[in-house]
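Descriptive structure summary
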Amino acid sequence: IEELETSNEELQANNEELQANNEELQSTNEELESSKEELQSTNEELETVNSELFQKNQDLEKAENDMKNLFSAVENAIILLDDDLCIKRFTPSATRIFHLKDVDIGRSLSDISSRLQYDSLEQEAEEVLDRLERREATVKSRDDKLYQMRIAPYRTGRNVIEGVVLSFYDITHIAEAELQKRDVGSMFEETIDALWEPVLMLDESLNVSRANTGFYEMFKTSPEETLGRSIFSLGNHQWDIPELRRLLEEMIPQENEIKGYRIEHEFPRIGHRRMALTGRKINAGEKRPPMILMGFKDITSENDQ
C-alpha cells in the first residue's frame, strides 16, 4: 500500500509536470500564432511597399523617358551642371557648340572645349552659384553664329540649389533679319530724302514721324517745327480742312487713298499757293502700326497758265 501510495504520488507529480508542460506548450503555440499573424501583417506591408516602389520605379522610368525625349526634341542647347560645375546632362543641340560626348558626363566644364568666342563662361557660372542670380548675354561662335546665353541656378522641387543650367538660343536669323530690316528702313528713308517733291510720313495718330528735305525747303520750316506734331497744327493750320481730315482719318481703317486732292491757301513764309496732295497707307511690318505716306506738289503755276 505504501509503495502504491508512493507511486501515486510520483504519478501525480509527473502529471502535474506534464500539465505544466502542456500549459507552456499551449502558451508557446499562442505566441507562435501571434508571431504568425505579425509576420503575415508584415508580409502584407512589405507587399504594399513593394507595390509602391514598383509604381515609383515605373514613374521614374517614365519621367526619364520623357526627359530623354524632351531633350532630344529641344532645339536649344542646354547643359545641366552640378555644384562642382560637372556635366550632368545635355541636349543633342549642345554638341553644335561644345565638343561633347556621352562619356563626358561627370567631367568638369573646364575640361570641355567650345566653339564660343567667350572665355569667362566658367567664371560666370560660379558667380551664378554664389549669388543665385540669373545672367544673360549675347555670345558669338567661331562660325559667326549668335546665341542668347542664359545661366540660371538649378533648383530642385524643394527649392534647393544643386547646380547650374546653361542654355543657348540661336538668334543668328533674328539678328540677320533685324540687320536687313534696318537696311531696308535706311534705304527707304534715304529714298524719301532723295525725292524732290515734299513728303511726309504720318503715324496712326496723324502725327508727323518723318519729313524729307523737300518738305522743309518748300515750306521754309524745320524739323523742330514739324516732327512729332499733328499735321493739322503745322504752319498756320493750313492742313486743318474738314474734308482732308476725314480722308486721312478714314485712310488706315478703310484702306482709302488720296489722289490729287487740291487745296488753295495762304502759307506762312511762302505765300499763296495751290497744292495737289496724294496719300496712301504704308504697312510698316507685322508688329508695327501702319503709317501714311503723303506727297505734296505745288501746282500754282499750272493753274495760273
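Residues numbered from 1 in each chain as written. Predicted model: local features only at pLDDT ≥ 70, side-chain atom pairs only at ≥ 80, totals over all residues. Heavy atoms only, no water.

1. Quick look at helix H2 (residues 121-131)
- Three or more residues of H2 are buried, namely Leu-121, Glu-124, Ala-125, Val-128 and Leu-129. Projected down its long axis, H2 carries its buried residues within an arc of 140°, all on one side. Along H2, exposed side chains directed more than 90 degrees from the buried face belong to Asp-130 and Arg-131.
- Of the residues trailing H2, Leu-132 is marked for its positive phi of about 55°. (Buried < 20%, exposed > 50% of the residue type's maximum accessible area, 1.4 Å probe, protein only. Helix = DSSP H or I, 4+ residues; strand = E, 2+ residues; numbered from the N terminus. Arc of directions from axis to C-beta.)

2. Digging into the pattern of salt bridges
- According to the stated counting rule, one finds 14 salt bridges in the structure shown.
- Between Lys-281 and Glu-255 there is a salt bridge; the shortest N-O distance is 2.5 Å. Of the two residues, Lys-281 is situated in strand S9 (residues 271-282) and Glu-255 in the loop between helix H5 (242-254) and strand S8 (258-267); the sequence distance between them amounts to 26 residues.
- Glu-255 sits in the exposed class, given a relative accessible area of 52%. (Salt bridge = Lys/Arg side-chain N within 4 Å of Asp/Glu carboxyl O.)

3. So, a negative patch on the surface
- On the surface, a cluster of negative charge is made up of Glu-2, Glu-3, Glu-5, Glu-9 and Glu-10.
- Mapped onto the elements of the fold, Glu-2 is located in helix H1 (residues 2-73). (Patch = residues over 30% accessible without salt bridge, like charges linked within 9 Å, V, L, I, M, F, W, Y side chains within 5 Å. Areas by Shrake-Rupley, 256 points an atom, 1.4 Å probe, with all protein chains shown as cover. Lys, Arg positive; Asp, Glu negative; His and termini not counted. Charge placed at Lys NZ, Arg CZ, Asp CG, Glu CD.)

4. A short note on the pairing of S8
- Two strands pair when backbone bridges link them, and S8 and S9 are joined in this way by eight bridges, in the antiparallel orientation. Within S9, the position partnered with Ile-258 by the bridge is Gly-279.
- Between the end of S8 and the start of S9, which pair antiparallel, lie three residues, with Arg-269 showing a positive phi angle near 80°. (Pairing = 2+ DSSP bridges.)

5. Some details on H5
- Here H5 spans 18 Å end to end across 13 residues, near enough to the 18 Å set by a 1.5 Å rise per residue.
- Listed in full, the buried residues belonging to H5 are Leu-244, Leu-248, Met-251 and Ile-252. Buried residues along H5 cover an arc of 75° about the axis, so they all sit on one side. Away from the buried face of H5 by more than 90 degrees, exposed residues Pro-242 and Pro-253 are located. (Expected span 1.5 Å × (residues − 1).)

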